[in-house]
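So the chains spell out like this:
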Amino acid sequence: MNPSLPEKEMLLTMLTEIFDQLEELEIVLETSFSDLRIQMNNEELKKFSAPVQKLDNLEKELDRFQTTSDQAAVDHSNSVKRALKLELGY
């Protein structure tokens, strides 16, 4: 019998074990990277949501100032019209 045959079988067995371990490692890494990707996406979402919230608050404040200034302009024009009416009445 050829003495290299058992060595080949042993080598094949070892390679098969290595292959199985690599498959297991691939599954673990895929899961780990998937979790890491989800975590990083959540962190990025948090980073973006803070400035968006600040912009929303600034826009609301700007709208409030514009509404106030528009109301003041309307009030001012009404007072001017009233003053003109009073002047025309003399």
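Cut-off values and rules
Every chain begins its residue count from 1, and numbering advances along the sequence as written. With the structure being a predicted model, the display of local features is reserved for residues of pLDDT at least 70 and the display and counting of side-chain atom pairs for 80 or more, all residues being used for whole-chain, interface and lining totals. Excluded from the side-chain calculation are hydrogens and water; included are all heavy atoms of the structure. Helix and strand definitions here come from DSSP, where helices need a minimum of 4 consecutive H or I residues and strands a minimum of 2 consecutive E residues; each element is numbered from the N-terminal end. Burial here depends on accessible area, computed with a 1.4 Å probe over protein chains only, as a share of the maximum for the residue type. Under 20% is buried, over 50% is exposed, and the range in between is partly exposed. Here the accessible surface of atoms and residues is derived via Shrake-Rupley with a 1.4 Å probe, and residues count as covered only by protein chains that are part of the display. Patch members must show over 30% relative accessible area and no salt bridge, and they are joined within 9 Å when carrying like charges or within 5 Å when they are nonpolar side chains of Val, Leu, Ile, Met, Phe, Trp or Tyr. Note on definitions: salt bridges are taken to be side-chain nitrogens of Lys or Arg within 4 Å of carboxyl oxygens of Asp or Glu. Under the convention used here, Asp and Glu are negative, Lys and Arg are positive, and both His and the chain ends fall outside the count. The location of each charge is read from NZ of Lys, CZ of Arg, CG of Asp or CD of Glu. Aromatic rings from Phe, Tyr and Trp, taking only the six-membered ring of Trp, are treated as a pair when their centres fall within 6.5 Å; an angle between ring planes under 30 degrees marks them as stacked, one over 60 as edge-to-face, and anything in between as tilted. Counting as a charge over the ring demands two things of the Lys NZ or Arg CZ atom: a distance within 6 Å of the ring centre and an angle within 35 degrees of the ring normal. In predicted models, pLDDT denotes the confidence assigned by the predictor to each residue on a 0 to 100 scale. Only heavy atoms enter the contact rule, under which two residues are in contact if any of them lie within 4.5 Å.

Let's talk about the overall build of the chain
When its secondary structure is counted, the chain shows one helix and zero strands. Taking all 90 residues of the chain together, 0% fall into the buried category. Of the roughly 8700 Å² of accessible surface on the chain, a fraction of 63% belongs to carbon and sulfur atoms.

Description of a negative patch on the surface
A cluster of acidic residues, Glu17, Asp20, Glu23, Glu24, Glu26 and Glu30, forms a negative patch on the protein surface. Inspection of the secondary structure assignment puts Glu23 in helix H1 (residues 4-89).

Side note on the pattern of salt bridges
Evaluated as defined, the whole model comprises one salt bridge. Where Lys47 meets Glu44, a salt bridge forms, and the shortest distance between an N and an O atom there is 3.6 Å. You can see Lys47 and its partner Glu44 sitting in helix H1, three residues apart, about one turn around the helix.

What about the packing of aromatic side chains?
Taken as a whole and judged by the stated rule, the model has zero aromatic pairs. Directly above the aromatic system of Phe65 lies the positively charged group of Arg64, at a separation of 5.5 Å from the ring centroid.

So, the confidence of the model for the chain
Confidence along the chain averages 81 in pLDDT terms, with 74% of residues attaining 70 or more. Long-range and interchain partners of residues 86-90, a stretch whose pLDDT sits below 50, account for zero contacts in this model, where long-range means more than four residues apart.

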